[in-house]
Amino acid sequence: MLSSEHLALQKIQQQPEPTVHVDAFLYDEDFIDSLCEEGKLSRYYCMVCGSHQTAPLGFISHSFSLMELKFIYHHVLPDLSGKVLVDVGSRLGIVLYGGYLYSSASQLYGVELNGDFCQLQEMVIKKYQFTDRIKVLHADICTQGSLLQNADVIIMNNVFEYFLNEAEQARAWEYISHNVRKQGSLLVTVPSLEDSLSGLQVNIQLSPWVEEVPLNYDVYPEKDIDREALEQIHLYKIL
Ligand SMILES: C[S@@+](CC[C@H](N)C(=O)[O-])C[C@H]1O[C@@H](n2cnc3c(N)ncnc32)[C@H](O)[C@@H]1O
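Bear in mind the structure is a predicted one, so any value in this text is a computation, not a measurement.

Cut-offs applied
Residues numbered from 1 in each chain as written. Predicted model: local features only at pLDDT ≥ 70, side-chain atom pairs only at ≥ 80, totals over all residues. Heavy atoms only, no water. Helix = DSSP H or I, 4+ residues; strand = E, 2+ residues; numbered from the N terminus. Rg over C-alpha atoms; globule rule 2.2 N^0.38 Å. Contact = heavy atoms within 4.5 Å. Areas by Shrake-Rupley, 256 points an atom, 1.4 Å probe, with all protein chains shown as cover. Lys, Arg positive; Asp, Glu negative; His and termini not counted. Charge placed at Lys NZ, Arg CZ, Asp CG, Glu CD. Salt bridge = Lys/Arg side-chain N within 4 Å of Asp/Glu carboxyl O. Buried < 20%, exposed > 50% of the residue type's maximum accessible area, 1.4 Å probe, protein only. Near = heavy atom within 4 Å. Polar contact = N/O pair within 3.5 Å; in protein donor to acceptor, adjacent residues only side chain to side chain. Nonpolar A, V, L, I, M, F, W, Y, C, P; charged D, E, K, R; others polar. Axes fitted to C-alpha atoms, helices over the stretch in contact; angles between N-to-C directions. Parallel < 35°, antiparallel > 145°, perpendicular 65-115°, else oblique. Left-handed = near helix turned anticlockwise from the far one by under 90°. Disulfide = S-S within 2.5 Å.

Some words on the overall build of the chain
Part 1 of the reasoning: In terms of helices and strands, the chain carries nine helices and seven strands.
Part 2 of the reasoning: The C-alpha radius of gyration of the chain comes to 24 Å, more than 25% above the 18 Å expected for a compact globule of 239 residues.
Part 3 of the reasoning: With the C-alpha coordinates aligned to their principal axes, the bounding extent of the chain is approximately 80 × 45 × 35 Å.
Part 4 of the reasoning: The contacts of the chain with a sequence gap of at least 6 include a subset with a gap of at least 24, amounting to 69%.
Part 5 of the reasoning: Here the chain has roughly 14800 Å² of accessible surface; of this, 52% comes from carbon and sulfur atoms.
Part 6 of the reasoning: Seen as two clouds, the 16 positive and the 32 negative side-chain charges of the chain have centres 9 Å apart.

Observations concerning the pattern of salt bridges
Part 1 of the reasoning: In the structure shown here, the tally under the stated rule is six salt bridges.
Part 2 of the reasoning: Where Arg43 meets Glu29, a salt bridge forms, and the shortest distance between an N and an O atom there is 3.3 Å. Of this pair, Arg43 sits in the loop between α2 (29-37) and α3 (66-76) while Glu29 sits in helix α2, and the two are 14 residues apart along the sequence.
Part 3 of the reasoning: Its salt-bridge partner being Lys182, residue Asp152 comes within 2.9 Å of it at the nearest N-O pair. One end of the pair, Asp152, is in the loop between α6 (145-150) and β4 (153-157); the other, Lys182, is in the loop between α7 (166-179) and β5 (186-190), and 30 residues separate them in sequence.
Part 4 of the reasoning: In this structure Lys182 comes out as partly exposed when scored by relative accessible area, which is 32%.

What about the site of the ligand?
Part 1 of the reasoning: Among the 19 residues in the neighbourhood of the ligand, the closest are listed as Asp87, Gly89, Glu112, Ile141 and Asn157.
Part 2 of the reasoning: The contact in question runs from a nitrogen atom of the ligand to an N or O atom on the side chain of Asp87, over 3.0 Å.
Part 3 of the reasoning: Contact between the ligand and Asp140: a nitrogen atom at 3.0 Å from a side-chain N or O atom of the residue.
Part 4 of the reasoning: Each residue belonging to the shell around the ligand can be placed in one class, and the counts come to 10 nonpolar, five polar and four charged.

Considering the packing of α3 against helix α4 (residues 94-102)
Part 1 of the reasoning: Packing of α3 against α4 leaves a shortest axis separation of 10 Å and a crossing angle of 50 degrees. Taken together, the axes of α3 and α4 are oblique relative to one another. Read as a crossing pair, α3 and α4 show a hand that is right-handed. For the pair α3 and α4, the contacting residues are Leu66, Leu69, Lys70, Tyr73 and His74 in the first and Ile94, Val95, Gly98, Gly99 and Tyr102 in the second.
Part 2 of the reasoning: Looking at the contact of α3 with α4 residue by residue, the class counts come to six nonpolar, three polar and one charged.

A short note on the side chain of Ser192
Part 1 of the reasoning: Assignment of secondary structure puts Ser192 in the loop between β5 and α8 (193-197).
Part 2 of the reasoning: Looking at Ser192, its side chain comes within polar contact range of the main-chain nitrogen of Asp195, at 3.1 Å.
Part 3 of the reasoning: Ignoring sequence-local partners within four residues, the contact set of Ser192 consists of Gln232, His234 and Tyr236.

Topic: the state of the cysteines
Part 1 of the reasoning: By the definition in use, this model includes zero disulfides.
Part 2 of the reasoning: Counting only cysteine sulfurs, Cys49 is the nearest neighbor of Cys46, a cysteine outside any disulfide, at a range of 3.7 Å.
Part 3 of the reasoning: You can call Cys49 exposed: its relative accessible area is 58%.

Concerning the environment of Glu231
Part 1 of the reasoning: Structurally, the position occupied by Glu231 is in helix α9 (residues 227-231).
Part 2 of the reasoning: Linking Glu231 and Ser192, residues 39 residues apart in sequence, is a C-alpha distance of 9.4 Å.

Looking at the side chain of Asp87
Part 1 of the reasoning: Of note, Asp87 is situated in strand β1 (residues 84-88).
Part 2 of the reasoning: No salt bridge is formed by the buried Asp87. Its closest oppositely charged neighbour is Arg91, at 9.8 Å.
Part 3 of the reasoning: Every residue in contact with Asp87, bar those within four places of it in the chain, is listed here: Val95, Leu96, Tyr109, Gly110, Val111 and Ile155.

Here it is in structure tokens:
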């Protein structure tokens, strides 16, 4: 715009929300995106002070999404008839409910450190009559050696990183690696074991313990699928 366009400039300033003029002929959407990425333009303003110096918030989830759950039960794990599954850090219980509805696992155990989440899971399990195959234990996984030793499938979705300090994480991973030893059992992790263990003071050799099973992340051809999230899911077979 030209500074001589007094009225037009004034009208933009009088818009109910902070507004900038961006000429659509001179700047197409891709160009605007690149300006935003370079920090030269913003699509957002601060609702408190009006500043355009904003950045997108990061989102994290402490639960799997429905899409990730379906991917795990339909495309990652084999038929679970007669098998025992343990979700380490079961939180809202969704891995257990998913396992109840999407698999034939004979028993689904959740182990959760936080008592409030255990109560919540108990309520849901009762309400939906999942009691015959789901059991929740209010415990530190580091007290559940025999459960881990007997499990056929163990799910670990970012269990320790946000909840334990580094020394506790290292201790918990040592415990897992000592007790998840049943030959042929399956371990599903987010993120990969390499990522989880990097930076921790642990003495865990992966190659004699597990073998990674490659996954096909292309099972959902729809464009709006969060492929990056799926790629964080890793499957290992215990040797
Ligand atoms: C990221 S959430 C995973 C939730 C769920 N498994 C899922 O995939 O949707 C991790 C959970 O692990 C629990 N947790 C952390 N350390 C634990 C431990 N040592 N023993 C049992 N649960 C633990 C936390 O309280 C938290 O609820």
